[in-house]
Amino acid sequence: MKQAELHAPLDVRIIESPKPSPKPDEILIAVARVGICGSDLHAYHGRHPFIDLPIVPGHEFAGTVVETGANVHDFAPGQRVTLEPSLVCGECYNCTHGRYNICEKLQVVGCQTSGAMSEYLAVPASKTMGLPDNVTWDQAVMVEPLAVGVHAVRVARVQAGTNVLVLGAGTIGLMVLQAAKALGAGQVMITDLIQDRLDLATKLGADHAVNPSRTDLAQALEAAFGPQRADVILECVGIAATVRDAVRVARKGTRIVLVGVFEKEVAVNLGLVQDRELELVGTLMYVEDDFPTALELVRAGQVEVESLITHHFPLGQAAEGFAVADSRGAALKVVLEVSPDNI
């Protein structure tokens, strides 16, 4: 079978590998489509802090069951499915306290184990979810990043009427925006340096879309929300500038949730964090019902995800797909079409 391998930084190769067989508790999936994630791009440059190369990436995907292991009775060949790609021990402190997303032995499909940029992939049946008939392949690919947004919004403690600032209108920022609105937020302001992304954010429900290189962010917040500014801030970029912006413009006592993946250490003015009693909180992936909530939001049409997909490439052109995804302004979400029979 064919796989797209991140062999080395900026080096994507199509390789041939044996087709896997499912273990007793696994199912074998013929992958239909797989998205190129921001984390994949960090790995593409050899700068992801937790991904070593070479690796077959791909953790946001959907496909069709082709074979089931001996102990699997809830799935059958021909069923359309997606996967929650976190592989956990189930025994450590966090796993036994409802926080398996930070399992001591966490592995993520496509990050620490071989992923879905492959014609076939064997995965645990326990992590697999059936797809409703009205959810398209493209929508199914976007359930995983939406689950990240759902979890981040819950970590931020967004409630009815909460005013939210989202820093960054990439895929995850736009998912956080929509998850916040769907889960009851009041007004949402989103920032980015790319106008096309701000325009899309407005179409997707942002109440305020701001380019901080042209408009002072603190002034924009006060104009939108009054002197109380935002109730919560979600950083969805993973760079020093946006973290510093978050600390600088936060109202005293504000919770700042870090969603973006950081390639390197960031210097933060902890004096302001201490003096203003700010909360800096990390968020990783999803837990419990975040993933099914995301799938239901897509199924019910409460979140629109297909407009975030700007490019499709066949698996054989994965290198071109990564290059386009890495162009930033030209692309938002790039999707690889893997198995022609599923498309």
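Right above here is the structure, for reference.
**Student:** Before we go on, may I ask you to explain the overall build of the protein chain in this structure?
**Tutor:** Helices and strands together make up the secondary structure of the protein chain, namely ten helices and 17 strands. Taken against the 2.2 N^0.38 rule, which gives 20 Å for 343 residues, the C-alpha radius of gyration of the protein chain at 20 Å falls within 12% of a compact globule. Based on the C-alpha atoms only, the size of the protein chain along its principal axes is roughly 60 × 40 × 35 Å. By the burial criterion, 53% of the 343 residues in the protein chain qualify as buried. Excluding contacts between residues fewer than 6 apart, the proportion of contacts in the protein chain whose partners are at least 24 apart in sequence is 71%. Element-wise, carbon and sulfur atoms account for 49% of the exposed surface of the protein chain, whose accessible area totals about 14,500 Å². The average position of the 27 basic charges and that of the 41 acidic charges among the side chains of the protein chain differ by 5 Å.

**Student:** Could you clarify how one ought to interpret the sheet that holds strand β14 (residues 255–258) in this entry?
**Tutor:** Strand order in the open sheet formed by six strands is β12-β11-β10-β13-β14-β15, with parallel pairing between adjacent strands. Only two strands of the sheet have a single partner each, and these edge strands are β12 (208–210) and β15 (279–282). Ignoring strand direction, the axes of neighbouring strands in this sheet form an average angle of 20°. The pairing of strand β10 (residues 164–167) with strand β11 (residues 188–191) spans four bridges and is parallel. In the sheet register, Leu 165 faces β11, and the bridge partner there is Met 189. Sitting on the sheet, helix α6 (residues 217–225) is in contact with β10, β11 and β12, with an inclination near 160° to β11.

**Student:** I keep staring at the nonpolar core and nothing clicks. Help me out?
**Tutor:** Inside soluble globular proteins, nonpolar side chains tend to come together where they are buried. By size, the foremost hydrophobic cluster in this structure holds 92 residues, and its most contacted members are Phe 61, Met 117, Leu 146, Leu 174, Ile 190 and Leu 234. If one sorts the elements of this core by residue count, helix α3 (residues 143–155) sits on top with eight residues. Not counting residues within four places of it along the chain, the set of residues in contact with Leu 174 comprises Ala 169, Ile 190, Arg 197, Leu 200, Ala 201, Leu 204, Leu 308 and Leu 332.

**Student:** Looking at this model, I keep getting lost on the pattern of salt bridges. Mind explaining?
**Tutor:** Two side chains carrying opposite charge are able to pair once their charged atoms lie near each other. Within this structure, the stated rule accounts for 15 salt bridges. Salt bridges sharing common partners tie together Arg 33, Asp 138 and Glu 337.

**Student:** Would you take a moment to explain the environment of Ser 307 for this structure?
**Tutor:** Structurally, Ser 307 can be placed in the loop between α9 (290–299) and β16 (309–314). Judged by relative accessible area, which is 31%, Ser 307 ranks as partly exposed. On a C-alpha basis, the gap between Ser 307 and Leu 198 in space is 13 Å, while along the polypeptide they are 109 residues apart. Among residues more than four places away in sequence, those in contact with Ser 307 are Leu 200 and Leu 204. Polar side-chain contacts of Ser 307 include one of 2.3 Å to the side chain of Glu 304.

**Student:** I'm lost on the pairing of strand β17 (residues 333–337) in this one. Help?
**Tutor:** For a regular strand, the rule is simple: side chains alternate between the two faces of the sheet. β17 sits mainly inside the fold: four of its five residues count as buried. Of the pairings in the sheet, the one linking strand β3 (residues 26–36) to β17 comprises four bridges and is antiparallel in character. Paired with Ile 36 across the two strands is Val 334, which belongs to β17. As judged from the five bridges shared by β16 and β17, these two strands associate in the parallel manner. What sits directly across from Phe 313, in β17, is Leu 336.

**Student:** Can you help me understand unusual backbone geometry in this one?
**Tutor:** Glycine aside, negative phi is the norm for most residues, and most peptide bonds take the trans geometry. With omega at 5°, the peptide bond leading from Leu 53 into Pro 54 counts as cis. In this fold, Pro 54 is placed in the loop between α1 (38–44) and β4 (61–68). The residue Leu 10 is not glycine, and still its phi comes out positive at about 65°. Looking at the element boundaries, Leu 10 is found in the loop between β1 (2–8) and β2 (11–16). Here Leu 10 falls in the exposed class, since its relative accessible area comes to 54%. The backbone of Arg 229 sits at a positive phi, close to 55°, despite the residue not being glycine. Residue Arg 229 is classed as buried on the basis of its relative accessible area, which comes to 17%.

**Student:** Looking at this model, I keep getting lost on the packing of α3 against helix α4 (residues 171–182). Mind explaining?
**Tutor:** Between two packed helices, the angle of one axis relative to the other and the distance separating the axes together describe the packing. Between α3 and α4, the least distance of the axes is 8 Å, while the angle of their chain directions is 55°. If you check the angle between α3 and α4, you find them oblique. Handedness of the crossing formed by α3 with α4: right-handed. In this structure, α3 uses Pro 145, Leu 146, Val 148, Gly 149, Val 150, Ala 152 and Val 153 to contact α4, whose residues at the interface are Thr 171, Ile 172, Met 175, Val 176, Ala 179 and Ala 180.

Conventions adopted
- Think of each chain on its own: its residues are numbered from 1, step by step along the sequence as written.
- In view of the model being predicted, local features appear only for residues whose pLDDT reaches at least 70, and side-chain atom pairs are presented and counted only at 80 or more, with totals across whole chains, interfaces and linings using the full set of residues.
- Heavy atoms throughout the structure, all of them, feed into the side-chain values; hydrogens and water do not.
- Numbering of helices and strands starts at the N terminus; helices are DSSP runs of H or I of at least 4 residues and strands are runs of E of at least 2.
- Our radius of gyration is a C-alpha quantity, and the globule rule it is checked against amounts to 2.2 Å times the number of residues to the power 0.38.
- Only protein chains enter the accessibility calculation, which uses a 1.4 Å probe. A residue is then buried if its area is under 20% of the maximum for its type, exposed if over 50%, and partly exposed in between.
- Whether two residues touch is decided by their heavy atoms; if any such pair falls within 4.5 Å, the residues are in contact.
- Only the protein chains shown count as cover for residues, and the accessible areas themselves come from Shrake-Rupley with a 1.4 Å probe.
- The positive count covers Lys and Arg only, the negative count covers Asp and Glu only, and His and the chain ends enter neither.
- To locate a charge, the coordinates of NZ of Lys, CZ of Arg, CG of Asp or CD of Glu are taken.
- Strands were regarded as paired on the criterion that DSSP finds at least two bridges between them.
- Throughout, an axis means a line fitted to C-alpha atoms (over the contacting stretch in the case of helices), and angles, computed between N-to-C directions, take values from 0 to 180 degrees.
- Each nonpolar core is a collection of buried residues, namely Ala, Val, Leu, Ile, Met, Phe, Trp, Tyr and Cys, held together in the definition by side-chain atoms within 4.5 Å.
- By convention in these notes, a salt bridge is any Lys or Arg side-chain nitrogen within 4 Å of a carboxyl oxygen on Asp or Glu.
- For this analysis, a polar contact is any N or O atom pair within 3.5 Å, provided that within protein one partner can donate a hydrogen and the other can accept it, and provided that sequence-adjacent residues contribute only side-chain to side-chain pairs.
- Roughly parallel here means an angle under 35 degrees, roughly antiparallel means over 145, roughly perpendicular means 65 to 115, and every remaining angle is called oblique.
- Put simply, a crossing is left-handed when the front helix is turned counterclockwise from the back one by less than a right angle, and right-handed when it is turned clockwise.

These figures capture arrangement, not role.
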